[in-house]
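# Secondary and tertiary structure notes
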Amino acid sequence: MYKSVLAAGLGLLTALSAAAPHSPKAIGKRCTFDSATSPECWGDYDLSTNWYEDGPDTGVVREYWFDITNTTMAPDGVERMVLSVNGTVPGPTIFADWGDTVVVHVRNSMENNGTSIHFHGIRQNYTSDQDGVASITQCPTAPGDVYTYRWKATQYGSTWYHSHFSLQAWNGVFGGIVINGPASAPYDEDLGILPISDWFHRTVDELYAVASTSAPPSGNNGLLNGTNVYQDGGSRYATTFEAGKSYRLRLVNTAIDTMYRFSIDNHTLTVIANDLVPIHPYSTTTLNIGIGQRYDVIVTADQAVGDYWLRAIPQTTCSSADNVFDIKGIVRYDASSTADPSTIMYSYEDSCNDEDAANLVPYLALEAGDGEITSTYQVGLNVVDGWFKWTLNSNTFLSDWAYPTLEQALQGNASWVPEQQVLQLNQTNEWVYFIIENTGLTHPIHLHGHDFWVLSQGSGSYSTSTVLNTANTPRRDVAMLPANGHLVIAFKTDNPGVWLMHCHIGWHTSQGFALQLVERADEIAGTISSSSSMADTCSNWAAYANRAELVQEDSGV
């Protein structure tokens, strides 16, 4: 039975991280968490607790120190320049318990790059200033500067952090987050975060011009927890199963432009969570994971002792990759084995669709209310001076690094310009419906500050006859907008702040596929932890930008 997070395996911690994997503690006397016998328990709380309204407050602080640096690495045997967190790609995993407070000190030790760190999927309930989005909630952190983030783990499950400055995340500035809490099915051991990444042998900054003027560049490779083989170099990700035991894997798609289908040959996956929402378990042999999405799965070691391929297959319907069938790791039942598996992959249909909504049933049943505010957005694509610019309702998003939206809102300056794509939501606890229509490619849509309800998702345009499912429909923070289709999502105005919504294909975000919410503007000032921190960061950024004669070339996010 599992009672602690493994120190080895998928979670990479360095000496600079003060918090280590730890044993989840029972907060009260009602029932004690044990992954194998009582996974639904968590002290005075459990799987049925509505974490949007209630939850533990442990008083425990998990503190981390991150150092962002330029370095050279060869994750797949091909050496290139990377940006790293504490010298590793992926960076250290953040571990916390449900109800803990997480503090992350980020030092920018790069010579010629700003940075910011976004904690993907973390609602930042009443802490919008901690969301870590350059030009939205802060100015970029300048070289030599330090920015401290502080937020409470009001949710639990699996997610990741990444830079939200330009394309920096996909040069290596990302890592996992594990928030221990109850689970909807039993398991013996937790193997932690498994990031699945596309990888290029040139920096994404070098490739941005290609992506913005012609077809998106094909990924040279893919990485599993930061490693893979390429030609004669590199090494495979590998993990060991003990026959009869069950293992939890926390899958995260950290790619810039690749949807992956995950599987382990001969084994069945029991899916227990999407994004940070526990679901009723369902079984599958393959699992489609969109960019930015997370799935927690349980795998039982019920096969003959041997070696089995673990696969992440790019879905070529919406992704371009050179190494489609060789993004593989190995599951070994004998740790001493060095043999390559001879197993055969499951058959599958290449697709960029989300998992069937009928399978993604939240364990905590919540119904979406009637839409009191409805906004419709049409996705478009323009070419400006030969460069692609994505649009929503004919506007390409642009936000100023030096004057973040949060600062503008705090100043009471509501003179928003069309390029800022601001939707003002002034009422409390109203239901908002977004109707997003698309005549082109598939897009992973991510909303900050909220989980959303997926009311409709399908081919063709939305119409008044489109059926909206509000009764315990899938709830998450990233959903696929189908090619030549529509996506209808709902969320509640229950979190004052400034929040970004964007396509999570990195090229598209930089090319202006985004909008932002200014939610309950009159209350935002009361949520700010330190106005001086924002001012100091902006002052330091302005000084650096002036010295470097920096010109902003992308959307700002």
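The shown structure was predicted, so the numbers you read here are calculated from the model rather than taken from an experiment.

## Some details on the state of the cysteines
Overall, the coordinates contain three disulfides when judged by the stated rule. What pairs with C139 in a disulfide is C538, and their sulfur atoms sit 2.1 Å apart. Taking the sign of the torsion about the S-S bond as the criterion, the disulfide between C139 and C538, at about 95 degrees, is right-handed. Taken together, the residues C139 in the loop between β7 (117-120) and β8 (146-152) and C538 in helix α5 (residues 531-548) connect sequence positions 399 residues apart. Residues C139 and C538 agree in their burial class; the two are buried. Cysteine pairing for the protein (bonded cysteines numbered in sequence order): 1-2, 3-6, 4-5.

## Some thoughts on the environment of D340
Considering the arrangement of structural elements, one finds D340 in the loop between β23 (328-332) and β24 (373-384). We classify D340 as exposed; its relative accessible area is 54%. If we skip the residues at most four places from it in the chain, D340 touches W309 and I330.

## Some words on the pairing of strand β4 (residues 80-85)
Counting buried residues in β4 gives five out of six residues, a clear majority hidden from the surface. Where strand β3 (residues 61-73) and β4 come together, six bridges link them in antiparallel fashion. Looking at the pairing, M73 lines up with R80 of β4. Linkage of β3 to β4, two consecutive antiparallel strands, is achieved through a turn of six residues, within which G77 is found at a positive phi near 95 degrees.

## Points about α5
Its 18 residues give α5 an end-to-end C-alpha distance of 26 Å, which sits within 8% of 26 Å, the value for a rise of 1.5 Å per residue. Of all the positions in α5, only M534, T537, C538, W541, Y544 and A545 are classed as buried. Projected down its long axis, α5 shows its buried positions confined to an angular sector of 130 degrees, all on one face. In α5, the exposed residues that point more than 90 degrees away from the buried face are N546 and R547. Among the structural elements, β8 and α2 (405-410) are those in contact with the buried residues of α5. Remark: E549 follows α5 within two positions and exhibits a positive phi of approximately 50 degrees.

## Quick look at the pattern of salt bridges
By the definition in use, this model includes 18 salt bridges. In this structure, R250 and D296 form a salt bridge, with 3.6 Å as the shortest nitrogen-oxygen distance. One end of the pair, R250, is in strand β16 (residues 246-253); the other, D296, is in strand β21 (residues 294-300), and 46 residues separate them in sequence. The same class applies to R250 and to D296, which are both buried. Three or more residues joined by partner-sharing salt bridges are found here, namely D190, R248, R250 and D296.

## Re helix α1 (residues 204-213)
Along α1, the residues classified as buried are V204, L207, Y208, A211 and S212. Buried residues of α1 fall within an arc of 140 degrees about the axis and therefore sit on the same side. For α1, the secondary structure elements touched by its buried residues are β25 (387-392) and α3 (506-510).

Conventions we followed
Residues numbered from 1 in each chain as written. Predicted model: local features only at pLDDT ≥ 70, side-chain atom pairs only at ≥ 80, totals over all residues. Heavy atoms only, no water. Disulfide = S-S within 2.5 Å. Helix = DSSP H or I, 4+ residues; strand = E, 2+ residues; numbered from the N terminus. Buried < 20%, exposed > 50% of the residue type's maximum accessible area, 1.4 Å probe, protein only. Contact = heavy atoms within 4.5 Å. Pairing = 2+ DSSP bridges. Expected span 1.5 Å × (residues − 1). Arc of directions from axis to C-beta. Salt bridge = Lys/Arg side-chain N within 4 Å of Asp/Glu carboxyl O.

Interpretation note: all reported values are geometric properties and have no functional meaning in isolation.
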